[in-house]
Amino acid sequence: MKPVYLRPQSMEDRITHYCPGCHHGIIHRLIGEVIDELGIRGKTIGVAPIGCSVFIYAYFKLDFVVTPHGRAPAAATGIKRSLPSDRIVFTYQGDGDLASIGLAEIIHAANRGENITSIFVNNANYGMTGGQLAPTTLLGQITTTSPYGRKIAVDGYPFHIAELMSNFKGVAYSGRFAVYDPKKIISARKAIKTAFKNQMEGKGFSIVELLSNCPINWRVSVSDSIKFVKENMEAEFPLGVFKGGE
Ligand SMILES: Cc1ncc(C[n+]2csc(CCOP(=O)(O)OP(=O)(O)O)c2C)c(N)n1
């Protein structure tokens, strides 16, 4: 039989702890494929967050540092600056971690133009802790801490990271993508590759925001969660490149 899919070489042969249908796994695979394709496995260091992806280090054959509560960009800065310049450093963060707890860290790393790559997974809630409201929660969205739906008067507006990042001079690339169908996955993969390549070419800070589902905490089926990303999240968070090529 001819294999149609092989696990990326930079990934461990291990079943993940993610909930059934969760998009974290797809995003991990895309990162693994890009690292393989660019031939940077032995040179790449990941920086993990707090959140569902706190165990990301267990799924890659890479060096990883775990820096909870949004501090990944600061740790990545130190790692990148203190190692030989051919080392590739990336952060992987959720929206509670990056857009709330560690907002200052990501803004300053972007503004400094740190030559690192940031993978930002926006699932519109704090997944690991049970689905609380995040800065990226949609207006009207019910979460465990917004049981009547997000209201502007109480929680303000959903926070747009990819657009915000595009305003900083130090940012080489900022874009938002989704991974719910093959076409979207191909675009997301291309964006992740660009973000890593920019770092290899010393172009500065690159961030890829990926819209993700969270079926368990949203309390919907996987297919309804995909519908929600497509119809509701994309209406608030348009896909596209906000700064940089491709
Ligand atoms: C000191 C401390 N404060 C708060 C938390 C709770 N906490 C765990 S994960 C997390 C954020 C998770 O949300 P997100 O970054 O959106 O990632 P997701 O789990 O949705 O992938 C928080 C606040 C904690 N573990 N420790």
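Keep in mind the model is a prediction, meaning the values are calculated, not measured. (Residues numbered from 1 in each chain as written. Predicted model: local features only at pLDDT ≥ 70, side-chain atom pairs only at ≥ 80, totals over all residues.)

(A) Structural detail: unusual backbone geometry. Look at H69: it is not a glycine, yet its phi comes out positive at around 65°. For H69, a count of 14 C-beta atoms within 10 Å gives the class partly exposed. Of note, the phi angle at A124 is positive, near 60°, even though the residue is not glycine. Among the structural elements, A124 can be located in the loop between β4 (117–122) and α5 (152–155). (Buried ≥ 20, exposed ≤ 12 C-beta atoms within 10 Å, placed from the backbone. Helix = DSSP H or I, 4+ residues; strand = E, 2+ residues; numbered from the N terminus.)

(B) Highlighting the packing of helix α1 (residues 24–38) against helix α7 (residues 182–200). Two numbers describe how α1 lies on α7: the axes approach to 9 Å, and their chain directions differ by 50°. On the basis of their axis angle, the class for α1 and α7 is oblique. In the crossing of α1 with α7, the sense of the turn from one axis to the other is right-handed. Residue-level contacts link I26, L30, I31, E33, V34, E37 and L38 of α1 to I185, A188, R189, I192, K193, F196, K197 and M200 of α7. Classifying every residue of the contact of α1 with α7 gives 10 nonpolar, no polar and five charged. (Axes fitted to C-alpha atoms, helices over the stretch in contact; angles between N-to-C directions. Parallel < 35°, antiparallel > 145°, perpendicular 65-115°, else oblique. Left-handed = near helix turned anticlockwise from the far one by under 90°. Contact = placed C-beta atoms within 7 Å. Nonpolar A, V, L, I, M, F, W, Y, C, P; charged D, E, K, R; others polar.)

(C) Main features of helix α2 (residues 72–82). Taken as a whole, α2 has its buried residues at A72, P73, A76, T77 and K80. Projected onto a plane normal to the axis of α2, the buried residues spread over an arc of 135° and lie on a single side. Along α2, exposed side chains directed more than 90 degrees from the buried face belong to R81 and S82. Where α2 is buried, its residues contact β1 (44–48), β3 (88–94), α4 (103–112) and β4. (Arc of directions from axis to C-beta.)

(D) Examining the environment of N167 more closely. Turning to its location among the elements, N167 is positioned in the loop between α6 (161–165) and β5 (171–178). Spatially, the C-alpha atoms of N167 and T143 are 30 Å apart, while their sequence positions differ by 24 residues.

(E) Up close: the site of the ligand. Around the ligand, the structure places 15 residues, and the nearest of them are G51, G94, G96, D97 and G127. For the shell around the ligand, a count of residues per class yields six nonpolar, seven polar and two charged. (Near = placed C-beta within 6 Å.)

(F) Representation of the packing of α2 against α4 within the structure. With their axes 7 Å apart at the nearest point, α2 and α4 run at an angle of 40° to one another. Taken together, the axes of α2 and α4 are oblique relative to one another. Contacts between α2 and α4 involve P73, A74 and T77 on the former and, on the latter, E105, I106 and A109. The residue inventory of the contact of α2 with α4, partitioned by class, reads four nonpolar, one polar and one charged.

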